[in-house]
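This is what each chain is made of:
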Amino acid sequence: MFTIPSSNNKRIVLALQSGLKSEVTWALNTLTLLSFKERDEIRSRDFTPLAKIPGLLDALLLIIDDWRDIALPKELTRGTRVRSLGVNSSVTGFGSEYDALSSIQTPGSGAGSSAGEALGKKSKHQSSQWWNEEDGLFNLDDEGRAEKQLCAIAASNVIRNFSFMPDNEVVMAQHRHCLETVYQCINDHMTEDEELVTNSLETIVNLAHLMDLRIFSSSKQSFIKINEKQAVQAVLGILNSSVKAWNCAAAELLGRLIINPDNEPFISPSIPQIHKRLVDLLSIPAVDAQAASVGALYNLVEVNMDCRLKLASERWAIDRLLKVIKAPHPVPEVCRKAAMVLENLVSEPQNRGLLLAYENAFAELLFQDGKYSDSFARILYELTARSNSRVASARGIWGM
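Residues numbered from 1 in each chain as written. Predicted model: local features only at pLDDT ≥ 70, side-chain atom pairs only at ≥ 80, totals over all residues. Heavy atoms only, no water.

Some points on the overall build of the protein
- In terms of helices and strands, the protein carries 21 helices and zero strands.
- When the 400 residues of the protein are sorted by exposure, 50% land in the buried category.
- In the protein, the proportion of contacts linking residues at least 24 apart, taken out of those at least 6 apart, comes to 71%. (Helix = DSSP H or I, 4+ residues; strand = E, 2+ residues; numbered from the N terminus. Buried < 20%, exposed > 50% of the residue type's maximum accessible area, 1.4 Å probe, protein only. Contact = heavy atoms within 4.5 Å.)

Concerning the packing of helix α13 (residues 271–282) against helix α14 (residues 287–303)
- One can describe the packing of α13 onto α14 by two numbers: an axis separation of 8 Å at closest approach and a directional angle of 145 degrees. You can see that α13 and α14 cross each other, and the crossing is left-handed. For the pair α13 and α14, contact is made by I271, I274, H275, L278, V279, L281 and L282 and by A289, Q290, S293, V294, A296, L297 and L300, respectively.
- Of the residues assigned to the contact of α13 with α14, the class counts are eleven nonpolar, three polar and no charged. (Axes fitted to C-alpha atoms, helices over the stretch in contact; angles between N-to-C directions. Left-handed = near helix turned anticlockwise from the far one by under 90°. Nonpolar A, V, L, I, M, F, W, Y, C, P; charged D, E, K, R; others polar.)

Re the confidence of the model for the protein
- When pLDDT is averaged across the protein, the result is 80; 74% of the residues are at 70 or more.
- Note that residues 77–81 has pLDDT below 50 and, in this model, eight contacts with residues that lie over four places away or in other chains.
- In this model residues 106–137 is a low-confidence stretch, pLDDT under 50, and it forms 37 contacts with partners more than four residues away in sequence or in other chains. (pLDDT = per-residue confidence, 0-100.)

Points about the environment of D58
- Examined against the element boundaries, D58 turns out to sit in helix α3 (residues 56–70).
- Not counting chain neighbours up to four residues away, the residues in contact with D58 comprise H175 and H177.
- Polar side-chain contacts of D58 include one of 3.4 Å to the side chain of H175. (Polar contact = N/O pair within 3.5 Å; in protein donor to acceptor, adjacent residues only side chain to side chain.)

Considerations on unusual backbone geometry
- Following A327, the chain continues into P328 via a peptide bond in cis, with omega recorded as -15 degrees.
- Among the structural elements, P328 can be located in the loop between α16 (317–326) and α17 (332–346).

So this is what it looks like as structure tokens:
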């Protein structure tokens, strides 16, 4: 079994909090290895899940927050920048800080002069130095910004690895700072680093089945201002993006969130927009996109009557669900869920008039595909035998 002593746990946390490049790099490399080991190996009784190590998750999130504070170019933001990592060090090792520091030391300053004294002395070259522009020493050069970005990506990758382990899920799903950070990253998917967005999205998908959106209005300490509506809108932004992998993940995320009844009030207002996009995904000739869409629709119609009513009237929805079954989709479970979606739709009396137009297609599938014949037999029975419409009753050849 591969574990680390508690004293080393503390050292890793302190290294992350130091803000020093060498320490942060060592800690992130160690955690990357440990997070993969934790996923692959059987844990012993005395093993402490990484997400439960005091201060570790917050320290990783601080690395991401530190990057996001400087992510926008200087030309686009004029806010005050406060160093949160390495505040007690003149230089942190990121970028060209050491080179810049040595360039302003005057000939009279001896080897024993402190970095603070050197920075305090004026030089005729000061006006051209990067650290004097706008914000002083806290302004990183391009190399330093790139290094900070890599650290943020590595930290997000470690958090993503944490989220795959059941022992970490509960802690992370109840950690407001963690949820605020990952939701903010996906909300800024148009400008944020793609790998950081992908890691954040996979993290939240893994935690979605335990997540309660009301945490954003709870009494727990908030680090990033975001509410339940903004969280849902962030997911919708990903669902409507041009990256197929993100579309699939967002669809799966919505399907998991809706299972919790406490999340329904925040998702319900966006149901028409969600349905439209999920139906669009069904038309993409990619099995993963179709599977993600069917899975999300299955959960939506299972738990919410309003979803059943609105999906039936969504243009092309029935046609594309039938197409998935007729093709058929290479994963039988996807076809079964598509048939169950149709069965859920017909269970609402208001939908039967719309679904009667597809009676012949249902009958064809009843006789052609034995795997789903039970579902289509029930659909046809609901459409005819239980209908109050005289016209429908006259056509009801499947009644009992």
